[in-house]
Amino acid sequence: MKLIRFGEKGKELPGIQTSEGKYLDCSGFGEDWNEAFFDSNGLDRLSDWLKSNQDKLKEILTGARLGSPIARPSKIICIGLNYRKHAEEAGMAVPEVPIIFMKATSSLCGPFDPILIPKNSVKTDWEVELAVVIGKKAKYVKKENAYDYIAGYCLHNDVSERDFQLHHGGQWVKGKSADHFAPLGPVLVTRDEIKDPHNLRLWLKLNGKTLQHSSTSDLIFDIPTLIAHLSQYMTLLPGDVISTGTPAGVGMGLKPEPQYLKEGDVVELGIEGLGISKQVAINDPEA
């Protein structure tokens, strides 16, 4: 299945994308795609419900806003420097264990919402990433059982303010958590539809120019390793997002000079099988 959420920000309704690409309203199912849904065997229940109800569902109007395909999770956990060439372009050592940081869940937004360049920003950057959505409570998970805990996968732009991240003291979370710094979606694709999450093409364009182009086969730490590692240190709850890292080609690493987002820039990104998202950078109207 492919799950979506649509409608006004903060008032999104649940839906699905069909194999023909149509968006259907699943409000009649009576639940949002949130922690309680995933925790109560929601994907199987939804699948059963659709068998007898899909033909009756209302098609969502073309142009409707898409929100994040999952409701705000308890955690957005990110993995730093998880592609070898990205570590090299950042001038940082290839990590021996996963580098973990968090994004505030308030940074979550829809896949076509604007990127808000925050007040006092000078280095707002882009990062195409494969995100994993947890399907059930995970604690002390063994690597060989890790896939049992995955609900599905999403496209994620881990927007980052490098000056905040690297030069404002403390942890990376400062540069990762501004509003609209986590465009997620357009869809959550359930685990069964992605045969090999470690062999997916991912790419990002800025104003039509391809800057990131790689494959998840280049991940330093694979998805089972990440789930096993993270679950030793914290309980992963249903709906939690793990963003697995970005390949080379971010603005910070461009040669001969770094390049960062300015108002009017258009970022388009995609992952094979997970869809395409597009964001226009604007100055935060509240700044």
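Keep in mind that this is a model prediction, so the values were computed, not measured.

**Quick word on the overall build of the protein chain**
(1) Moving on: The helix and strand inventory of the protein chain stands at 5 helices and 18 strands.
(2) Moving on: In summary, the protein chain has a C-alpha radius of gyration of 18 Å against a globular reference of 19 Å for 287 residues, a match within 12%.
(3) Moving on: The principal-axis extents of the C-alpha atoms in the protein chain amount to approximately 60 × 45 × 30 Å.
(4) Moving on: Going through the 287 residues of the protein chain one by one, you find that 56% of them count as buried.
(5) Moving on: Summarising the internal contacts of the protein chain: among those between residues at least 6 apart in sequence, 74% fall at separations of at least 24.
(6) Moving on: Surface accessibility of the protein chain: about 12800 Å² in total, with carbon and sulfur atoms responsible for 48%.
(7) Moving on: Each charge class in the protein chain can be summarised by its mean position, and for the 33 positive and 38 negative side chains these summaries are 1 Å apart.

**Some details on the sheet that holds strand β17 (residues 266-271)**
(1) Moving on: On the basis of which strands lie adjacent, the open sheet formed by 5 strands has the order β7-β18-β17-β14-β15 and mixed pairing. Of all strands in the sheet, those bounded by a partner on one side alone are β7 (115-117) and β15 (209-215). Here the strands of the sheet are splayed against their neighbours by 15° on average, with no regard to which way each runs.
(2) Moving on: Across 3 bridges, the pairing between β7 and strand β18 (residues 275-283) is parallel. The residue of β18 that forms the bridge with Ile 115 is Ala 281.

**Here we look at the side chain of Lys 2**
(1) Moving on: Residue position: Lys 2 is located in strand β1 (residues 2-6).
(2) Moving on: Polar side-chain contacts of Lys 2 include one of 2.8 Å to the side chain of Glu 193.
(3) Moving on: Apart from residues lying up to four places away in sequence, Lys 2 is in contact with Gly 15, Ile 16, Gln 17, Val 187, Leu 188, Val 189, Glu 193 and Gly 273.

**Points about the environment of Arg 5**
(1) Moving on: Position of Arg 5 relative to the elements: it lies in strand β1.
(2) Moving on: For Arg 5, a relative accessible area of 7% gives the class buried.
(3) Moving on: Taking the C-alpha atoms as reference, Arg 5 lies 17 Å from Thr 105; in sequence the two are 100 residues apart.
(4) Moving on: Excluding its chain neighbours within four sequence positions, the residues that come into contact with Arg 5 are Glu 12, Leu 13, Pro 14, Asp 32, Trp 33, Arg 65, Leu 66, Gly 67, Ser 68, Pro 69, Ile 70 and Ala 71.
(5) Moving on: At 2.8 Å, the side chain of Arg 5 forms a polar contact with the side chain of Asp 32.
(6) Moving on: A distance of 3.0 Å separates a polar atom in the side chain of Arg 5 from the backbone oxygen of Ser 68.

**What about the sheet that holds strand β13 (residues 188-190)?**
(1) Moving on: Across the sheet, which stays open at both edges, the 9 strands sit in the order β3-β2-β1-β13-β10-β9-β16-β4-β5 with mixed pairing between neighbours. Edge positions in the sheet fall to β3 (23-25) and β5 (99-103), since each of these pairs with one other strand and no more. This sheet shows a mean twist of 30° between the axes of neighbouring strands, independent of strand direction.
(2) Moving on: Pairing analysis gives 3 bridges linking strand β4 (residues 76-80) to strand β16 (residues 241-243), with the strands arranged parallel. Directly across from Ile 77, in β16, lies its bridge partner Ile 242.

**Focus on unusual backbone geometry**
(1) Moving on: Following Lys 255, the chain continues to Pro 256 via a peptide bond in cis, the omega torsion being 5°.
(2) Moving on: Even without being glycine, Asn 120 reaches a positive phi, approximately 70°.
(3) Moving on: Mapped onto the elements, Asn 120 comes out in the loop between β7 and β8 (124-125).
(4) Moving on: Not every positive phi belongs to a glycine, and Tyr 140 is a case in point at roughly 55°.
(5) Moving on: With respect to the secondary-structure elements, Tyr 140 resides in the loop between β9 (128-134) and β10 (150-157).
(6) Moving on: Note on Tyr 140: relative accessible area 55%, which makes it exposed.

**Quick notes on the packing of aromatic side chains**
One pair of aromatic rings is described through two measures. These are the centre distance and the angle between the planes.
(1) Moving on: All chains considered together, the criterion is met by 6 aromatic pairs.
(2) Moving on: Judged by centre distance (5.4 Å) and plane angle (65°), the ring pair of Phe 29 and Trp 49 falls under edge-to-face. In this pair, Phe 29 sits in the loop between β3 and α1 (35-39) while Trp 49 sits in helix α2 (residues 42-53), placing the two residues 20 residues apart along the sequence. We note that Phe 29, like Trp 49, is buried.
(3) Moving on: Joined through ring pairs, the aromatic side chains of Phe 29, Trp 33, Phe 37, Phe 38 and Trp 49 make up one cluster.

Thresholds, definitions, all that
- Residues numbered from 1 in each chain as written.
- Predicted model: local features only at pLDDT ≥ 70, side-chain atom pairs only at ≥ 80, totals over all residues.
- Heavy atoms only, no water.
- Helix = DSSP H or I, 4+ residues; strand = E, 2+ residues; numbered from the N terminus.
- Rg over C-alpha atoms; globule rule 2.2 N^0.38 Å.
- Buried < 20%, exposed > 50% of the residue type's maximum accessible area, 1.4 Å probe, protein only.
- Contact = heavy atoms within 4.5 Å.
- Areas by Shrake-Rupley, 256 points an atom, 1.4 Å probe, with all protein chains shown as cover.
- Lys, Arg positive; Asp, Glu negative; His and termini not counted.
- Charge placed at Lys NZ, Arg CZ, Asp CG, Glu CD.
- Pairing = 2+ DSSP bridges.
- Axes fitted to C-alpha atoms, helices over the stretch in contact; angles between N-to-C directions.
- Polar contact = N/O pair within 3.5 Å; in protein donor to acceptor, adjacent residues only side chain to side chain.
- Phe/Tyr/Trp six-rings, centres within 6.5 Å; stacked < 30°, edge-to-face > 60°.

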